[in-house]
Amino acid sequence: MMASTDIFITGIGVVCPIGVGNEAFWNALLQGRSGVTRLPGVDGAGLPPVLGAQVPGFEPARWVRPRKALKVMSRDIQLAFVAAELACQQAGVGPGKVDPDRFGIVFGADMMPCELEELAPAYRQCMVNGHFDFGRWGTHALEEMFPLWMLKYLPNMPACHIGIAQDARGPNNTIVLGEVSSLAAMAEAARVLQRGAADIMIAGGAGCRIHPIVWSRRSAYYPAEWDGPPEKASRPFDKARCGQVFGEGAAAFVLERADHAHARGARPLAKLLGFASTFEPCPQGRLPTGQAIRRAIVETLRQAGMSPTEVGHVNAHGLSTRHDDRIEAQAIAAVLPDVPVTAPKSFFGNLAAGTGAVEAAASVLAIQSGFIPPTLNYEEPDPECPINVVAGKPAPLQKPTALCLNHTHFGQAMALLLAHPDF
């Protein structure tokens, strides 16, 4: 029986390297089409060759309103805005359609580095005899900067722009927690609804890791050392995996309480059953051991009142690094042995704060269709990753539920449990 406090997903919007919109995204997953390529404009620039996944043919001007807002939108903000617009269109919400004072937003965001073309003139103003003079920044450099340039790169701006466009005047918040940001945003949006502070929320995340500042810090991100075809580079849980691939993307969800969705005649796409946020301290650069991942799985199942045998599939973080995949696989195997596992990063890489939302969208669509999308490039099982990876082709979803996982190198872990609305 449906409870009034149940939290439903009634809209999904996806903007990622394998598709803009749910249909294009889902078809690419089922057909095994990778979005990873060799990034243009990098080879020959004095940097090592970089593989990555861009959103092809992305035209934010088709969606952003007012159009002049594009002047103060970085790539991350544009991706987030379009994802939220698509989600609201599917859910049938927006200006004049719901009570604006009971309509809020929680969005995950990442570091938004400034575009080099904007910084270059200011930087040149500070060069004296071939050396950078910091003392000239305030007196000479700033006059070269667009007066509102900082508004393009503040992490709270995706939620703000979405709120303005959708006339959402309720709670508005931003979560910046690396790769767990968007699952954490979905959990916080659910809490807002459960405590009665809003009737309907937009939640999700956006991120863009294909930027020269990220490339310059390659050693901090464990990038793939791969010389083969780009589409083969991201290899979660495969024995030959050799590091992560960078990407960009965003996804957004419309969440609402069951009673509100029912009252306005909305069609639920999935139900949020539970979630957990955990942490494993990692002092002095020590890498996580997976304890937080395991505790997040256990606590999410406890909160949902479900047994491990009721989980239809795991949507893994699947970063494709030696260490991360090993600790995640062993945490999954300890709590959810034999449960099918899929790793969408094999299609589009690490989308930073957007990664969990885009991956969760894949699981909602899997619940709707009854099929688990495959993991690309899983060719040789790794004995250190003893899990049941779905590979080669989609697999039937035996139980209409999904456990989504994300974690960071700093010890945060997040799990979120989704189910068919009739579950």
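Every value quoted in this text rests on a predicted model; they were computed, and no experiment measured them.

What to know about unusual backbone geometry
Among all residues except glycine, the phi angle is most often negative; among peptide bonds, the trans geometry is most common. Here the bond from R65 into P66 is cis, since omega is -10°, no more than 30 degrees from zero. The phi angle at N129 is positive, at roughly 55°, despite the residue not being glycine. With respect to the secondary-structure elements, N129 resides in the loop between β6 (127-128) and β7 (131-132). Judged by relative accessible area, N129 falls into the exposed class, the value being 75%. Non-glycine residue D167 carries a positive phi angle of around 55°.

Regarding the side chain of D238
Within the secondary structure, D238 is located in the loop between α8 (218-221) and β10 (246-257). At 2.6 Å, the side chain of D238 forms a polar contact with the backbone nitrogen of E380. In contact with D238, other than residues within four places in its own chain, are R322, N377, Y378, E379, E380 and D382.

What about the environment of E59?
Of note, E59 is situated in the loop between β4 (51-53) and α2 (75-91). Taking C-alpha positions, E59 is 17 Å from N22, a pair spaced 37 residues apart along the chain.

Some words on the pairing of strand β18 (residues 412-419)
Burial of β18 is extensive: seven of the eight residues sit out of reach of the surface. Pairing between strand β11 (residues 270-279) and β18: eight bridges, direction antiparallel. Bridge pairing in β18 links A276 to A415. Pairing of strand β17 (residues 401-407) with β18 involves seven bridges; the strand directions are antiparallel.

Some details on the packing of helix α1 (residues 22-31) against helix α13 (residues 355-369)
One way to put it is that α1 packs onto α13 with a least axis distance of 11 Å and a crossing angle of 80°. Relative to α13, the element α1 lies roughly perpendicular. Residues N22, F25, W26 and L29 of α1 pack against V358, A361, A362, L365, A366 and S369 of α13. Residue classes in the contact of α1 with α13 are distributed as eight nonpolar, two polar and no charged.

Considerations on the environment of G349
Within the element layout of this structure, G349 appears in the loop between α12 (345-348) and α13. Classification of G349 as buried rests on a relative accessible area of 2%. Once the C-alpha coordinates of G349 and E117 are considered, the two residues, 232 residues apart in sequence, prove to be 26 Å apart. With near-sequence residues (within four places) excluded, G349 lies in contact with V245 and T355.

Focus on helix α5 (residues 157-166)
Where burial is concerned, most of α5 is hidden: eight out of the ten residues are buried. Every buried residue of α5 is listed here: M157, P158, A159, H161, I162, G163, A165 and Q166. In this fold, the buried residues of α5 make contact with α2, β5 (103-108), β8 (172-175) and β9 (200-208).

Some words on the packing of aromatic side chains
With the rule as written, the count across this model stands at three aromatic pairs. Judged by centre distance (4.8 Å) and plane angle (75°), the ring pair of F132 and F134 falls under edge-to-face. By relative accessible area, F132 is classed as partly exposed at 25%. Three or more aromatic residues link up through ring pairs in this structure, and these residues are Y123, F132 and F134.

Things to note about the nonpolar core
Counting 60 residues, the largest nonpolar core has I9, I12, F25, F253, F348 and L418 as its most contacted members. If we skip the residues at most four places from it in the chain, I12 touches N22, L86, A87, Q90, A252, F253, L269, A361, V364 and L365. Grouped together as the second largest cluster of nonpolar side chains are 28 residues, F237, A296, L336 and A343 included.

Cut-offs and rules
- Residues numbered from 1 in each chain as written.
- Predicted model: local features only at pLDDT ≥ 70, side-chain atom pairs only at ≥ 80, totals over all residues.
- Heavy atoms only, no water.
- Helix = DSSP H or I, 4+ residues; strand = E, 2+ residues; numbered from the N terminus.
- Buried < 20%, exposed > 50% of the residue type's maximum accessible area, 1.4 Å probe, protein only.
- Polar contact = N/O pair within 3.5 Å; in protein donor to acceptor, adjacent residues only side chain to side chain.
- Contact = heavy atoms within 4.5 Å.
- Pairing = 2+ DSSP bridges.
- Axes fitted to C-alpha atoms, helices over the stretch in contact; angles between N-to-C directions.
- Parallel < 35°, antiparallel > 145°, perpendicular 65-115°, else oblique.
- Nonpolar A, V, L, I, M, F, W, Y, C, P; charged D, E, K, R; others polar.
- Phe/Tyr/Trp six-rings, centres within 6.5 Å; stacked < 30°, edge-to-face > 60°.
- Core = buried A, V, L, I, M, F, W, Y, C linked by side-chain atoms within 4.5 Å.

Nothing here speaks to function; it is all geometry.
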